[in-house]
Amino acid sequence: MPNATPTLLGVPYDAASSFQRGAALAPIAIRAALACESSNTWTEDGLDITAPGILADAGDLGVDNATPAAAHRAIEAGVAAVIDQGTRPLILGGDHSITYPALRALAKRHPGVTILHLDAHGDLYDNYGGDRLSHACPFARIMEERLASRLIQIGIRTLSAHQRDQMARFGVETHEMRHWAGPPAIHVEGPLYLSLDIDVLDPAFVPGISHPEPGGLSVREVVTMLQRLEGRIVGADLVEFNPSNDPSPRTGLVCAKLVKEIVAAMHRNG
């Protein structure tokens, strides 16, 4: 396997979801959409993801029925294994809680990482409903443990007073949707981790989400951001697709499109 090949790693875990479960079904649905003959396997800039050395697949972790502690251990170990074989994880969630154990593995191998976080939600709660490992809390845990040197958030449109306090506490760079004037110019020194919650998109484009928040980005705007992304991408995740809420293939096909463009960005910026 060529060095630093982006490698899919499915994490079918949604026990930390605060409203609806179903995101554990996403990895298999995204793989099906990637294979769907309604499109092809090429990225917009001419990369065939089925060509040798372009994209590998490490399968799914067995975490769908695990306790939170066991799931976190398995996710951290699974991401570490992908990195330690000289490849780069492209994680298919699952709910957003999986980003915290993923960063525990990645930060040990890529210190000083910057996180680019695309989401409708800040996910910065100290706890949510008494749960410090909720999918509403991963970036609070990440920043508390200094697993990232910089956190940049784009698409946010649901900030509470508590989350604004957390932003100030952790020095988060947040680009709120109320100020949106097109993709911001972002320059990153050192390693970059991309965390893409598909509810950053307006729910008109992706009905298969658990927390639809109107006023989001278009698919084209997110693809443009991925194509303009600068920085050495050492890992990524795509989370919070809930196939239970979309009986059509629409949301899965959007996720497949984003996976292809993330792979392209990883190769451009490897």
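Residues numbered from 1 in each chain as written. Predicted model: local features only at pLDDT ≥ 70, side-chain atom pairs only at ≥ 80, totals over all residues. Heavy atoms only, no water.

Visitor: What is the right way to look at the environment of S149 in this model?
Guide: Within the secondary structure, S149 sits in the loop between α4 (138-144) and β5 (150-156). Residue class for S149 comes out exposed when judged on its relative accessible area of 52%. C-alpha of S149 to C-alpha of T114: the two residues are 35 residues apart in sequence and 5.7 Å apart in space. The residues contacting S149, other than those within four sequence positions of it, are G112, V113 and T114. (Helix = DSSP H or I, 4+ residues; strand = E, 2+ residues; numbered from the N terminus. Buried < 20%, exposed > 50% of the residue type's maximum accessible area, 1.4 Å probe, protein only. Contact = heavy atoms within 4.5 Å.)

Visitor: Looking at this structure, I do not really get helix α5 (residues 161-170). What am I missing?
Guide: The periodicity of an α-helix, 3.6 residues per turn, causes residues three or four places apart in sequence to face the same way. Taken together, the buried positions of α5 are occupied by Q163, Q166, M167 and F170. Considered in projection along α5, the buried side chains sweep an arc of 105 degrees and stay on one side of the axis. Turned more than 90 degrees away from the buried face of α5 sit A161, D165 and A168, all of them exposed. Note on α5: the residue one or two positions beyond its end, G171, has a positive phi of about 65 degrees. (Arc of directions from axis to C-beta.)

Visitor: Could you clarify how one ought to interpret the sheet that holds strand β3 (residues 88-93) in this entry?
Guide: Two modes of strand pairing occur in sheets, parallel and antiparallel, and in both the strands are linked by backbone hydrogen bonds. Strand order in the open sheet formed by eight strands is β2-β1-β3-β8-β7-β4-β5-β6, with parallel pairing between adjacent strands. Looking at which strands have only one partner, the edges of the open sheet turn out to be β2 (56-60) and β6 (173-176). Adjacent strand axes in the sheet meet at a mean angle of 15 degrees, parallel and antiparallel pairs treated alike. As paired elements, β3 and strand β8 (residues 232-239) share three bridges and run parallel to each other. If you follow I91 over to β8, its bridge partner there is D237. (Pairing = 2+ DSSP bridges. Axes fitted to C-alpha atoms, helices over the stretch in contact; angles between N-to-C directions.)

Visitor: Got a minute to help me understand the pattern of salt bridges in this structure?
Guide: The full count for this structure, using the stated rule, is 17 salt bridges. Measuring nitrogen to oxygen at the nearest pair gives 2.7 Å for the salt bridge that ties R31 to D57. Here R31, found in helix α1 (residues 26-34), pairs with D57, found in strand β2; they are 26 residues apart in sequence, far enough to count as distant. Here E144 makes a salt bridge to R141, at a shortest N to O gap of 3.0 Å. With E144 and R141 both in helix α4 and three residues apart, the pair spans about one turn of that helix. (Salt bridge = Lys/Arg side-chain N within 4 Å of Asp/Glu carboxyl O.)

Visitor: When you look at the environment of I91 in this model, what are you seeing that I'm missing?
Guide: In this structure, I91 sits in strand β3. Sequence separation of I91 and A58 is 33 residues, and the distance between their C-alpha atoms is 9.9 Å. Each residue touching I91, except ones within four places of it in the same chain, is listed here: L9, V11, V79, I98, A102, Y193, A236, D237 and L238.

Visitor: Explain the pairing of β2 to me, please; I cannot follow it from the model alone.
Guide: Two faces, one strand: in a regular strand the side chains alternate between the faces of the sheet. In this structure, strand β1 (residues 6-11) lies alongside β2, joined through three bridges in parallel fashion. Opposite L8, over in β2, you have D57 as the bridge partner. As for the winding sense of the linkage, the β-α-β connection from β1 through α1 to β2 is right-handed. (Right-handed = clockwise from strand over helix to strand, strands pointing away.)

Visitor: Whenever I open this one, the state of the cysteines confuses me. Can you help?
Guide: When the sulfur atoms of two cysteines share a covalent bond, that bond is a disulfide. Under the definition given, this model contains zero disulfides. A disulfide-free cysteine, C255 has its sulfur positioned 13 Å from the sulfur of C36, the nearest such atom. When its relative accessible area of 0% is taken as the criterion, C255 is described as buried. (Disulfide = S-S within 2.5 Å.)

Visitor: Explain unusual backbone geometry to me, please; I cannot follow it from the model alone.
Guide: Peptide bonds are mostly trans, and most non-glycine residues show a negative phi. Residue G94 is reached from G93 by a cis peptide bond, and omega for that bond is 10 degrees. Tracing the backbone through its elements, the reader meets G94 in the loop between β3 and α3 (99-109). Positioned with a positive phi, D123 is a non-glycine residue whose angle comes to about 50 degrees. Here D123 lies in the loop between β4 (114-118) and α4. Among the residues examined, D123 registers a relative accessible area of 6% and is labelled buried. The phi torsion at E240 lies on the positive side, around 75 degrees, for a residue other than glycine. The residue E240 is located in the loop between β8 and α7 (250-268) in this model. A residue is classified by how much of its surface remains accessible, and E240, at 4% relative accessible area, is buried.

Visitor: Help me out: how do you make sense of the packing of aromatic side chains in this one?
Guide: Each pair of aromatic rings is reported with the distance of its centres and the angle of its planes. Under the definition given, this model contains one aromatic pair. Measuring from centroid to centroid gives 5.1 Å for Y125 and Y128, while their planes differ by 70 degrees, and the two rings are edge-to-face. A residue is classified by how much of its surface remains accessible, and Y128, at 38% relative accessible area, is partly exposed. (Phe/Tyr/Trp six-rings, centres within 6.5 Å; stacked < 30°, edge-to-face > 60°.)

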